[in-house]
Amino acid sequence: MAREVISTSILMIATVIAVTAAVMVILPAVKDLAHSYTSVSGNLNERVETDMDIIFVKVTNTSTTVNVYFWVKNTGNTKLDTDLIRMSDIFLTSNSAYLHFTPSDPGVSFAIENGDGDNYWEKGETLRFSIENINASQMPQDEYLLTFVLYNGVKATDYFSW
């Protein structure tokens, strides 16, 4: 009878240790999974609330240079700091040309028009981009697709020709 009590006690202790070890291994994995889900959910929410439209494109040129100006309206609920706008990409593509710019490149500038004077691009405000002094041989006359991509992957596109 004493042997049965000792055997049962040893089995009970071994079971408690095994369960504790299993919980200690599984709990951090579940916690990391929950954190990943929260992070993905936050990023998705930000992307859903971010929206914009390219509302106008203007091209001027000389015999040696091309200047592209375009305006983008913030139609979403996301408020973007100008530092985040500097992390954007601008693509000009046609059948014969492919150009990539960022707002921090030389010759590229932007300004918030019809804003409230702060450094945030808010709903209803318009960004004016200027891409100046593009070599005319790099951007021959053609039909182009302008793609503006924000830091979070949200993009707006528009066709123009010159």
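Provided above is the structure to which this section pertains.
The structure contained in this document is the topic of the report that follows. (Residues numbered from 1 in each chain as written. Predicted model: local features only at pLDDT ≥ 70, side-chain atom pairs only at ≥ 80, totals over all residues. Heavy atoms only, no water.)

**Observations regarding the overall build of the protein chain**
- Secondary structure summary: the protein chain contains two helices and 10 strands in total.
- Each helix and strand of the protein chain, placed in order from N terminus to C terminus, yields the pattern α-β-β-β-α-β-β-β-β-β-β-β.
- Pairs at least 24 apart in sequence give 58% of the contacts found in the protein chain among residues at least 6 apart.
- Taken as a whole, the protein chain presents about 10200 Å² of accessible surface, with 58% of it coming from carbon and sulfur. (Helix = DSSP H or I, 4+ residues; strand = E, 2+ residues; numbered from the N terminus. Contact = heavy atoms within 4.5 Å. Areas by Shrake-Rupley, 256 points an atom, 1.4 Å probe, with all protein chains shown as cover.)

**Let's talk about the sheet that holds strand β2 (residues 65-74)**
- With antiparallel pairing, the four strands of this open sheet are ordered in space as β1-β2-β8-β6. On the outer flanks of this sheet lie β1 (52-61) and β6 (108-113), each paired with one strand and no other. Going across the sheet, the axis of each strand differs from the next one's by a mean of 15 degrees, ignoring polarity.
- One ladder, built from six bridges, connects β6 with strand β8 (residues 126-135); its direction is antiparallel. Looking at the pairing, glutamate 113 lines up with threonine 126 of β8. (Pairing = 2+ DSSP bridges. Axes fitted to C-alpha atoms, helices over the stretch in contact; angles between N-to-C directions.)

**Overview of the pattern of salt bridges**
- Within this structure, the stated rule accounts for three salt bridges.
- When the shortest N-O distance is used, the salt bridge between glutamate 122 and lysine 79 registers 3.9 Å. With a gap of 43 residues between them, glutamate 122 in the loop between β7 (120-121) and β8 and lysine 79 in the loop between β2 and β3 (80-81) connect regions that are remote in the sequence.
- A relative accessible area of 16% places glutamate 122 in the buried class.
- Across the pair arginine 128 and glutamate 113 runs a salt bridge, and its minimum N-O distance is 2.8 Å. Residue arginine 128 is found in strand β8, and its partner glutamate 113 is found in strand β6; the two are separated by 15 residues along the sequence. (Salt bridge = Lys/Arg side-chain N within 4 Å of Asp/Glu carboxyl O. Buried < 20%, exposed > 50% of the residue type's maximum accessible area, 1.4 Å probe, protein only.)

**What about the sheet that holds strand β5 (residues 98-101)?**
- With antiparallel pairing, four strands are arranged side by side in an open sheet as β5-β4-β9-β10. Among the strands making up the open sheet, the edge pair consists of β5 and β10 (155-161). Each strand axis lies, on average, 15 degrees off the axis of its neighbour in the sheet, ignoring direction.
- Looking at chain direction, strand β4 (residues 89-93) and strand β9 (residues 143-149) are connected through five bridges and run antiparallel. Across the sheet, residue phenylalanine 91 finds its bridge partner in β9, namely threonine 147.

**Some details on the packing of aromatic side chains**
- If you walk through the whole model with that rule in mind, you get seven aromatic pairs.
- Taking 5.6 Å as the distance between ring centres and 35 degrees as the angle between the ring planes, the aromatic pair formed by phenylalanine 110 and phenylalanine 129 counts as tilted. With phenylalanine 110 in strand β6 and phenylalanine 129 in strand β8, the pair connects residues that are 19 residues apart, well separated along the chain. Just as phenylalanine 110 is buried, phenylalanine 129 falls in that class too.
- Measuring from centroid to centroid gives 5.0 Å for phenylalanine 129 and phenylalanine 148, while their planes differ by 55 degrees, and the two rings are tilted. (Phe/Tyr/Trp six-rings, centres within 6.5 Å; stacked < 30°, edge-to-face > 60°.)

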